[in-house]
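Fold and geometry: a report
Listed below, chain by chain, are the residues.
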Amino acid sequence: PPPAGKGFWAEVLGVGDFYYELGVQIIEVCLALRHRNGGLIPLEELQLQVLKGRGKFAQDVSADDLLRAIRKLKVLGSGFGIIPVGGTVLVQSVPAELSMDHTVVLQLAEKKGFVTVSEIRDSLKWETERAKQVLDHLLKEGMAWLDAQAPAEPQFWLPALFSELHGQD
Amino acid sequence: MDRFSWTTGLLELGETLVIQQRGVRLSDGEEKVKFDSGVLLLSTHRLIWRDQKNHECCIAVPLSQIVFIEEQAAGIGKSAKIVVHLHPASSNKEPGPFQSSKYSYVKLSFKEHGQIEFYRRLSEEITQRRWESMPTGQAMQVNKDSQAGRIRAVGIVGIERKLEEKRKETDKNISEAFEDLSKLMEKAKEMVELSKSIANKIKEKQGDITEDETIKFKSYLLSMGIANPVTRETYGSGTQYHMQLAKQLAGILQAPLEERGGIMSLTEVYCLVNRARGLELLSPEDLVNACKMLESLKLPLRLRIFDSGVMVIELQSHNEEEMVAAALEMVSEKGSLTADEFAKLVGMSVLLAKERLLLAEKMGHLCRDDSVEGLRFYPNLFLTQS
């Protein structure tokens, strides 16, 4: 009789392996790109990279498949999470604490790939201090890069977002 | 009205409903009785009256008791009626609302009309006497024509007996089933008591859970179909499968751990193990559950969970606190280090490097400088230079 822990239905339907292997691929892609995006990657880019790695003859992987696999990975404790951002979803793969404030700023930055303190103040009606705190945290975590040379005021770029805008590497 | 018997109102096997009418009052001859407002049902075998307000109040009389019927037209303020003349009640009649009556007929008042159709159908049934050819489970009422009745009854009684037996059998099965259920409930109660007492003992650490109780518990689980149960006290919350898996993991991970300085994050382990397996991959959950059992199985690896929630596998021989001392030396040498820098120097993953530095900080050996340029750690001079 099949051992109880294996997931009876996974066995019967043969879907277990598919998601667990996908999990491995997701971890590897996230690890490879972490230095660039601080552990935040848009779902579409993740999908692209994963499909690249799987080769020509592998089964197709949908966004839904990725989300399922990521949800299962949460239990490993290494910070896998899903952050809805405007029209898409960001996948987090580092154990960084991202509060609602951080998420909202990420959503604000989605359109252009970067955000400024003034934009946050105007759109979200926050005080400067609060905006700065959130941006600093993202910088610390490596999820945002500072362009201090920008003309009007410093711009905080989110590699997770602009890599999507500017195509793949 | 003493010809009527209490009944459930349910039709017997072989009995069919012909017509029914609401709003019928039942009178004992000329006298009003409490059966004021009810549904009158005509079946192939009986005339049934059920109280509209209290459905439990239900009486019936076999059609075979009817001598003849008459119609009584409606008048001013009076509903149309059907008068039903009845044979005297038989001695073996089932108990009913009245022990005796001075009338040999009853009156059915149709307060909501419908008497014409009802009368027609009732006449039909009485003429056709369908109840004679369709015996039911009820005891047959022997009527005045007892001679003929007896002859008819012999064949019918045989069939009747069979049906009665069948019904008794069904009843027995049902009550047996319920017996099992009540036995199950008894067992369940015992189990609940036992598990409560075990839970209490665990909570208060009052003595050991006796062998007796353990055996009892296991046998309950077995009787519920859980083969080879694993109790919490021996194996933790895992199952046999996770136990086997844990042993396997210990074998697989020994070498890789040694190569990586004795410590690996669970995500690394997940990838390593599944890459090696190729088929029949582990789910993240199963991996975690198996790892949770490593320590209690006295295997040479253990699961460790840091404050941040990061989970790692360490060799038993690995001592993270000792590694902290080495880390401190390195930080002092360089003046200060970020997790990235430290990771590069030691050849560790950034994730684990950070955890080590955080642990060193927790232990008081390092101080942090948290700025936009990143998290940097310095030796804790407050401690060493006081």
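Residues numbered from 1 in each chain as written. Chains lettered and ligands numbered in written order. Predicted model: local features only at pLDDT ≥ 70, side-chain atom pairs only at ≥ 80, totals over all residues. Heavy atoms only, no water.

Under an unreviewed UniProt entry, the name given to chain B is Vacuolar protein-sorting-associated protein 36, and the source organism is Melospiza melodia. In UniProt, chain B has this text filed under Function (unreviewed entry): "Component of the ESCRT-II complex (endosomal sorting complex required for transport II), which is required for multivesicular body (MVB) formation and sorting of endosomal cargo proteins into MVBs." In its Subunit (unreviewed entry) section, UniProt records this for chain B: "Component of the endosomal sorting complex required for transport II (ESCRT-II)." (UniProt positions renumbered as here; feature names shortened; annotations may be inferred.)

Looking at an unreviewed UniProt entry, one finds chain A named Vacuolar-sorting protein SNF8, with Melospiza melodia as its source organism. Its UniProt record gives chain A the following Sequence similarities (unreviewed entry) comment, quoted word for word: "Belongs to the SNF8 family." Comment text from UniProt for chain A, heading Subcellular location (unreviewed entry), reads "Cytoplasm".

**A few points about the sheet that holds strand E10 (residues 263-265) of chain B**
Residue and element names in this part refer to chain B. With antiparallel pairing, the three strands of this open sheet are ordered in space as E10-E12-E11. On the outer flanks of this sheet lie E10 and strand E11 (301-305), each paired with one strand and no other. The average angle at which neighbouring strand axes cross in this sheet is 25 degrees, direction not considered. For E10 and strand E12 (residues 311-315), the ladder comprises three bridges, and the chain directions are antiparallel. By the bridge assignment for E12, Met264 is matched with Ile313. (Pairing = 2+ DSSP bridges. Helix = DSSP H or I, 4+ residues; strand = E, 2+ residues; numbered from the N terminus. Axes fitted to C-alpha atoms, helices over the stretch in contact; angles between N-to-C directions.)

**Side note on the nonpolar core**
In this structure, Ile26 and Leu46 of chain A together with Leu266, Tyr270, Leu287 and Ile313 of chain B are the most contacted members of the largest nonpolar core, which totals 53 residues. Grouped together as the second largest cluster of nonpolar side chains are 28 residues, Val24, Leu40, Leu108 and Trp131 of chain B included. (Core = buried A, V, L, I, M, F, W, Y, C linked by side-chain atoms within 4.5 Å. Buried < 20%, exposed > 50% of the residue type's maximum accessible area, 1.4 Å probe, protein only.)

**A closer look at the interface of chain B and chain A**
On the chain A side, the residues contacting the 27 residues of chain B number 25 residues. Between chain B and chain A lies a buried interface of about 2200 Å² when both sides are counted; carbon and sulfur atoms form 65% of it. Across the contact surface, chain B and chain A share two salt bridges. Summed over the shared surface of chain B and chain A, the number is five residue pairs in polar contact (both at pLDDT 80 or more). The set of elements that each furnish at least two residues to the side of chain B that touches chain A consists of helix H6 (240-259), helix H7 (266-277), helix H8 (284-292), helix H11 (350-362) and strand E14 (366-371) of chain B. Broken down by element, the side of chain B that touches chain A gets its largest block of residues, six residues, from H7 of chain B. Its residues assigned to classes, the side of chain B that touches chain A shows 14 nonpolar, seven polar and six charged. (Contact = heavy atoms within 4.5 Å. Buried area = accessible area lost by both parts, 1.4 Å probe. Salt bridge = Lys/Arg side-chain N within 4 Å of Asp/Glu carboxyl O. Polar contact = N/O pair within 3.5 Å; in protein donor to acceptor, adjacent residues only side chain to side chain. Nonpolar A, V, L, I, M, F, W, Y, C, P; charged D, E, K, R; others polar.)

**Topic: the packing of helix H2 (residues 16-37) of chain A against helix H4 (residues 63-73) of chain A**
All names here are of chain A. At a minimum axis separation of 9 Å, H2 and H4 run at an interaxial angle of 80 degrees. Between H2 and H4, the angle is such that the two are roughly perpendicular. Taken together, the residues of H4 that come into contact with H2 (itself represented by Phe18, Tyr19, Tyr20, Leu22, Gly23, Ile26 and Ile27) are Asp65, Leu66, Arg68, Ala69, Ile70, Lys72 and Leu73. A class-by-class count of the residues in the contact of H2 with H4 yields 10 nonpolar, one polar and three charged. (Parallel < 35°, antiparallel > 145°, perpendicular 65-115°, else oblique.)

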